[in-house]
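Listed below are the residues making up each chain.
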Amino acid sequence: MQRTYQIITLVIALVAAIQLYGVGELVINASWQCFKFYDSQYENRPYISIDRSLFTFTCITSFVFIGLSIYISKRIQNSIISKINKSACVSLVIGIVLLAVLLFSNVAALVIRQ
């Protein structure tokens, strides 16, 4: 069973890295657009748009993997895998917080694309 927890922990770490890369790219893009259009006629408009389905998928996936990470952290015995698991969980939480801050600021807009 420990081997299964190790594999799941590595999958969680991979998902956390992908999520942090995607959210980090959005934050960097929004920061650059804010800097580029600062003090212009576009100042109060959102600079980037985020699809609602992408936001929903990111949140649901992150919460599922955070819950799975907490479940595994109570059952894992290997200290290295436990540290990877906790780091991945913290990375997922940071990604969700960054995405929420980005959406609640005026630099991003949640849109519906078809």
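Calculation criteria
Residues numbered from 1 in each chain as written. Predicted model: local features only at pLDDT ≥ 70, side-chain atom pairs only at ≥ 80, totals over all residues. Heavy atoms only, no water. Core = buried A, V, L, I, M, F, W, Y, C linked by side-chain atoms within 4.5 Å. Buried < 20%, exposed > 50% of the residue type's maximum accessible area, 1.4 Å probe, protein only. Contact = heavy atoms within 4.5 Å. Patch = residues over 30% accessible without salt bridge, like charges linked within 9 Å, V, L, I, M, F, W, Y side chains within 5 Å. Areas by Shrake-Rupley, 256 points an atom, 1.4 Å probe, with all protein chains shown as cover. Salt bridge = Lys/Arg side-chain N within 4 Å of Asp/Glu carboxyl O. Helix = DSSP H or I, 4+ residues; strand = E, 2+ residues; numbered from the N terminus. Axes fitted to C-alpha atoms, helices over the stretch in contact; angles between N-to-C directions. Parallel < 35°, antiparallel > 145°, perpendicular 65-115°, else oblique. Left-handed = near helix turned anticlockwise from the far one by under 90°. Nonpolar A, V, L, I, M, F, W, Y, C, P; charged D, E, K, R; others polar.

S.K.: How should the nonpolar core be read in this particular structure?
M.R.: Counting 11 residues, the largest nonpolar core is built from Y5, I12, A16, F65, I66, I72, I76, I81, A88, C89 and L92. When sequence neighbours within four positions are dropped, the list of residues in contact with Y5 reads Y71, I72, R75 and I76. Among the nonpolar cores identified, the runner-up in size contains 10 residues, and A30, L99, V107 and A108 belong to it.

S.K.: How should a nonpolar patch on the surface be read in this particular structure?
M.R.: On the surface, a cluster of nonpolar side chains totalling about 300 Å² of accessible area is made up of L20, V90, I94 and L98. Ranked by residues supplied to the nonpolar patch, first place goes to helix α3 (residues 79–104) with three residues. By secondary structure assignment, the location of L20 is in helix α1 (residues 2–36).

S.K.: Teacher, can you tell me more about the packing of α1 against α3 here?
M.R.: Describing two packed helices takes the angle between their axes plus the distance from one axis to the other. Across the interface, α1 lies against α3 with an axial gap of 8 Å and an inter-helix angle of 30°. It follows from the interaxial angle that α1 and α3 lie roughly parallel. α1 and α3 meet at a crossing whose hand is left-handed. Between α1 and α3, the residues in contact are Q6, T9, I12, A13, A16, Q19, L20, V23, L26, V27 and A30 and I81, I84, N85, A88, S91, L92, I94, G95, I96, L98, L99 and L102, respectively. Here the contact of α1 with α3 is composed, by residue class, of 17 nonpolar, six polar and no charged.

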